[in-house]
Structure formats: structure tokens, C-alpha cells
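Topology and contacts: notes
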Amino acid sequence: MSAVVSPVSTIATPRQVERLVQGMATSDGAGVKLTRVLTQDLQRRLDPFLMLDAFGTDNADDYIAGFPDHPHRGFETVTYMLEGRMRHRDSAGNEGLLGSGGVQWMTAGRGVVHSELPEQQEGRMEGFQLWLNLPGRDKMRDPWYRDIPSGEIPEVSLPGATVRVIAGDSHGVAGAIQRDATLPLYLDVHLQPGAHFEQAIPEGHNAFLYVYRGAVRFDTGCKVPAGRMAILANTAGADGVRFDAAEEGARLILIAGKPLNEPIAQYGPFVMNTEGELLQAVRDFQAGRFA
């Protein structure tokens, strides 16, 4: 699913880097080691995104225990596997295998209990998990999920660049997932050394990128190296972003979305609008009322 697009410069007022963020090393699940890039203190700034975890290791001890049964309510999880295999099972009877290059998009809605367990004993496990908030009107909708194999993710071929369009659209190519409320953009951008890239982003949407290989440079001279998140400034009148790969090339994810501008009440894996809704989520989970 690849489209070849001729480059046309359409970005008149590009966003620049507001600040660089270094993630925090932590562990989750049954001891899976990861880097929490988008932390809770950035949720308002990067609304509608709640969390971004990056994981990557060749040491099976860092991931083999996986993420046993755990609940979610009130948001969506987007798991993008660069390398490795992860088996998903949930309390609604769904099951799927997420492989290299694939995406699982899960809407927890009113509640689901699921597990994510590696289906490999050795080798590299690498990828990302993004939490995307739901508007209040959708927080109690039925759970839903879709496994998207690597071959079903649309791609755009540009001079010196390949763009995997997970959500939203890039250069006229629609992504695998669309969402009306938050209008998420989720791109995996692969750049050859020195390659130029630009992407339209609506004014008012919050946006960031995370470089996981190489580095990129903005025209202000700001360099974003691997392992750093760059929060993009919400400049009035800005219509997108543009940057160049450094001498070693670059791979990065570029993410943007329309803010919900709603209250955020979070208790671990439950994200609602009010404290009362959080208390009800805990009661419902304890009473076995999740899907």
C-alpha cells in the first residue's frame, strides 16, 4: 500500500521546536523496561495525548514477563511494534497477534481487561504505546480494537523519505485509522541522510515528534537527536512542520491531534472527566462489570 508523491512545498509558516524532552526510564506491567516519553505533567500541553512509552531492547529479561491482565477505561491505546511479536487477549473474548511493523488500535471505552504478552523468547522487542484520550461523550462506549498488519499500513514515498501513515493523512494519502473527535495524525517517517521533509498540521492542534534513530535539524539550527521528544510550538498561523535529516539519516514518529479541552481525571489505567467517574470506574472494575 505505497503511493509515490512528488514533493511540493506547501508549508508557509512552519512550527519550530518549543522544547526538547528526555524520557524517564521506568518499568510497567510485570517488569517490562521502557522509557516514558510523554508523562502526566505534559497531558494538558499535549491534549488529547495522555502518555507515550518507548521500549526497545535485545535483552529478553527486559520484556519477557509482558503485561498480564490489566484494566482500562475512558481512552484509546495505540501500540506500534517496530520489531517483535506480542499476543493480545481481552475479557471480551478478542485475541490477536501483533507483529513487526504492525499496529493495534484499541478503544477501551467503558472498560476492558486485557493482557499483552510477548510471543518470543529471544531477539529484539521495540515499539511504542500511545494513549489517546476520548471525549467525555465517548468514554462509556463499547470497547473495540483492530489489529493492523504491517502490509495494511499505507505508505508515501517521497524523495529521500518513506512515510508510514498510521492515522490521519500525509501528502494526500489517508492513514489506516481516522478519528472525528481528536483528528489524530500518527506518522512513522524514515529519512535518508540530508533528506528534507514537511507535513501539514492544522493550526491549534498539539504536535510533537520523537526521534528513535539518527537526528533531525530544524531551519533554526535546533537539532533533535535520537531518544528525544520535540514539542512543536503552537505558533499563530502555523500550517505545518518541516525539517531535514542529519548526516546519519533519521527515523521518527510525528504525532498531532485536536485538543479536547476537557477536564482530565486519571487514576492509573482509568481516565475520566471527574473524580466521581473515577470512583465509579474502580467500583465497576472491582465488581467485574468491565467487558
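Above this text sits the structure in question.
The text that follows walks through the structure, step by step, so that each part is easy to find. (Residues numbered from 1 in each chain as written. Predicted model: local features only at pLDDT ≥ 70, side-chain atom pairs only at ≥ 80, totals over all residues. Heavy atoms only, no water.)

1. Looking at the sheet that holds strand E6 (residues 67-72)
How we decide: Pairing between strands is defined by DSSP: at least two bridges between them are needed. Every helix listed is a DSSP run of H or I at least four residues long, and every strand listed is a run of E at least two residues long, numbered separately from the N terminus. Think of each axis as a best-fit line through the C-alpha atoms, taken over the contacting stretch in the case of a helix, with angles from 0 to 180 degrees between the N-to-C directions.
In space, the four strands of this open sheet follow the order E6-E11-E8-E9, with antiparallel pairing throughout. Each edge of the open sheet carries a strand with a single partner, namely E6 and strand E9 (95-98). Each neighbouring strand pair of the sheet contributes to a mean axis angle of 20°, computed without reference to strand direction. In this structure, strand E8 (residues 86-90) lies alongside strand E11 (residues 112-118), joined through five bridges in antiparallel fashion. Bridge pairing in E11 links Met-86 to Pro-118.

2. Regarding the packing of aromatic side chains
For clarity, the cut-off: Note on ring pairs: Phe, Tyr and Trp rings are taken, using the six-membered ring of Trp, and paired if centres are within 6.5 Å. Classes follow the plane angle, with under 30 degrees stacked, over 60 edge-to-face and the rest tilted.
One pass over the structure, following the stated rule, counts 10 aromatic pairs. Following the ring pairs from residue to residue traces out a cluster consisting of Phe-128, Tyr-210 and Tyr-212.

3. Considering the environment of Ala-167
Keep this limit in mind: Partly exposed residues are those whose accessible area sits between 20% and 50% of the maximum for their type, while under 20% is buried and over 50% is exposed, using a 1.4 Å probe and protein chains only. Two residues form a contact once any of their heavy atoms are found within 4.5 Å.
Here Ala-167 lies in strand E15 (residues 161-167). Judged by its relative accessible area of 0%, Ala-167 is buried. Expressed as a C-alpha distance, the spacing of Ala-167 and Gln-16, which sit 151 residues apart in the sequence, is 22 Å. Beyond its immediate stretch of four places on either side in the chain, Ala-167 contacts Trp-105, Gly-175, Ile-177, Pro-184, Leu-185, Tyr-186 and Leu-187.

4. Some words on the pattern of salt bridges
For clarity, the threshold we go by: Salt bridges are counted wherever a side-chain nitrogen of Lys or Arg sits within 4 Å of a carboxyl oxygen of Asp or Glu.
Applying the stated criterion to the full structure yields 20 salt bridges. We note a salt bridge from Glu-18 to Arg-45, for which the minimum N-O separation is 2.9 Å. Linking Glu-18 in strand E2 (residues 17-22) with Arg-45 in the loop between strand E4 (32-38) and strand E5 (49-57), this pair joins segments that are 27 residues apart in sequence. Judged by relative accessible area, Glu-18 falls into the partly exposed class, the value being 39%. A single salt-bridge network, built from bridges that share partners, covers Asp-58, Glu-83, Arg-124, Glu-126 and Arg-213.

5. A few points about the sheet that holds strand E13 (residues 144-148)
Strand order in the open sheet formed by seven strands is E3-E4-E5-E12-E7-E10-E13, and the pairing between neighbours is antiparallel. Lying at the two open borders of the sheet, with one neighbouring strand each, are strand E3 (24-28) and E13. The mean inter-strand angle of the sheet, taken between neighbouring strand axes irrespective of direction, is 20°. Bridging between strand E10 (residues 103-107) and E13 involves five bridges; their strand directions are antiparallel. Counted as the bridge partner of Val-103 is Ile-148 from E13.

6. As for the pairing of E4
On any regular strand, side chains alternate: one points to one face of the sheet, the next to the other face. Counting buried positions along E4 yields five of seven residues, so the element is predominantly enclosed. As judged from the five bridges shared by E3 and E4, these two strands associate in the antiparallel manner. Among the inter-strand pairings, Ala-25 is bridged to a residue of E4, identified as Thr-35. Counting the residues that bridge the hairpin from E3 to E4 gives three residues, and of these Gly-29 lies at a positive phi of roughly 65°. Relative to E5, E4 is paired through three bridges, and the arrangement is antiparallel.

7. Side note on the side chain of Lys-139
The criterion, for reference: Residues scored as charged are limited to Lys and Arg (positive) and Asp and Glu (negative), so that His and the chain ends carry no count.
By the element assignment, Lys-139 lies in the loop between strand E12 (125-133) and E13. Here Lys-139 sits buried without a salt bridge, and the closest side chain of opposite charge, Glu-262, lies 5.9 Å off (N-O distance).

8. Details of the nonpolar core
Definition in use: Put simply, a nonpolar core is a bunch of buried Ala, Val, Leu, Ile, Met, Phe, Trp, Tyr and Cys residues held in one set by side-chain atoms that sit within 4.5 Å of each other.
With 30 residues, the main nonpolar core has Leu-52, Phe-128, Tyr-186, Phe-208, Tyr-210 and Met-229 as its most contacted residues. Among all residues touching Met-229, those that are not within four sequence positions of it are Arg-19, Leu-20, Val-21, Val-37, Leu-42, Leu-46, Phe-208, Leu-209 and Tyr-210. Core analysis: the second largest hydrophobic core is formed by 29 residues, Val-17, Leu-185, Ala-195 and Leu-254 among them.

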